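# Architecture and fold: a report
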Amino acid sequence: RELRDEGVPRSRYIERLRADLMQYYGYNAFMLDTILNMFSPAEAVEFLEACEVPRPVTLRTNTIKSKRRELAQALINRGVNLDPIG
């Protein structure tokens with residue numbers, strides 16, 4: 001509030017934020033409007049940042065056709081780092 005210019009409505013700041021977020025993150029207007037309606041501006045930026053974090057890659061195998069150990073060994077031989085789960 002201290003940085004706000006006198007006479008400039010909050011809606012103008014929100015529109016500028018929306019335009020900047022569209023440019024930076026590459027979301028369309030509909031998606032950003034939805035996010036900004038769900039969250040406060042600070043939470044919206046935090047949400048968009050969280051969406052940018054890549055998810056881990058997981059593989060599933062049909063254990064009838066292939067054994068997990070055999071698949072794991074084949075992937076390790078190809079230089080894949082594995083973290084078995086389950």
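Located above this text is the structure these notes cover.
No experiment lies behind these values; they were computed from the predicted model shown.

A few words now on the packing of aromatic side chains. For the structure on display, the rule yields two aromatic pairs. Each ring, one from Tyr24 and one from Tyr25, has its centre 4.8 Å from the other, and the planes form 85°; the classification is edge-to-face. The exposure class of Tyr24 is exposed, given its relative accessible area of 64%. In this structure Tyr25 comes out as buried when scored by relative accessible area, which is 13%.

To continue, consider the side chain of Arg18. Topologically, Arg18 is positioned in helix α1 (residues 10–25). We classify Arg18 as buried; its relative accessible area is 18%. Those residues in contact with Arg18 that sit more than four places away from it in its chain are Ala29, Leu32, Asp33 and Leu36.

A few words now on the pattern of salt bridges. Tallying each qualifying case throughout the model produces three salt bridges. Between Arg16 and Asp20 there is a salt bridge, and its shortest N-O distance comes to 3.0 Å. With Arg16 and Asp20 both in helix α1 and four residues apart, this pair spans about one turn of that helix. Using a relative accessible area of 54% as the deciding quantity, one classes Arg16 as exposed. One salt bridge connects Arg18 with Asp33, and the closest N-O pair in it is separated by 2.6 Å. One end of the pair, Arg18, is in helix α1; the other, Asp33, is in helix α2 (residues 29–38), and 15 residues separate them in sequence. By relative accessible area, which is 30% here, Asp33 ends up partly exposed. A network of salt bridges, in which partner residues are shared, links Glu15, Arg18 and Asp33.

For the rest of this paragraph, the subject is the nonpolar core. Within soluble globular proteins, side chains that are nonpolar tend to cluster in buried spots. Membership of the largest hydrophobic core is limited to seven residues, which are Leu21, Tyr25, Leu32, Ile35, Leu36, Ala44 and Leu48. For this core, the secondary-structure elements that each account for two or more residues are α1, α2 and α3 (41–51). Residue contributions to this core peak at three residues, all from α2. Residues in contact with Ile35, not counting those within four places in the same chain, are Ala44, Phe47 and Leu48.

Basis of the calculations
- Residues numbered from 1 in each chain as written.
- Predicted model: local features only at pLDDT ≥ 70, side-chain atom pairs only at ≥ 80, totals over all residues.
- Heavy atoms only, no water.
- Phe/Tyr/Trp six-rings, centres within 6.5 Å; stacked < 30°, edge-to-face > 60°.
- Buried < 20%, exposed > 50% of the residue type's maximum accessible area, 1.4 Å probe, protein only.
- Helix = DSSP H or I, 4+ residues; strand = E, 2+ residues; numbered from the N terminus.
- Contact = heavy atoms within 4.5 Å.
- Salt bridge = Lys/Arg side-chain N within 4 Å of Asp/Glu carboxyl O.
- Core = buried A, V, L, I, M, F, W, Y, C linked by side-chain atoms within 4.5 Å.

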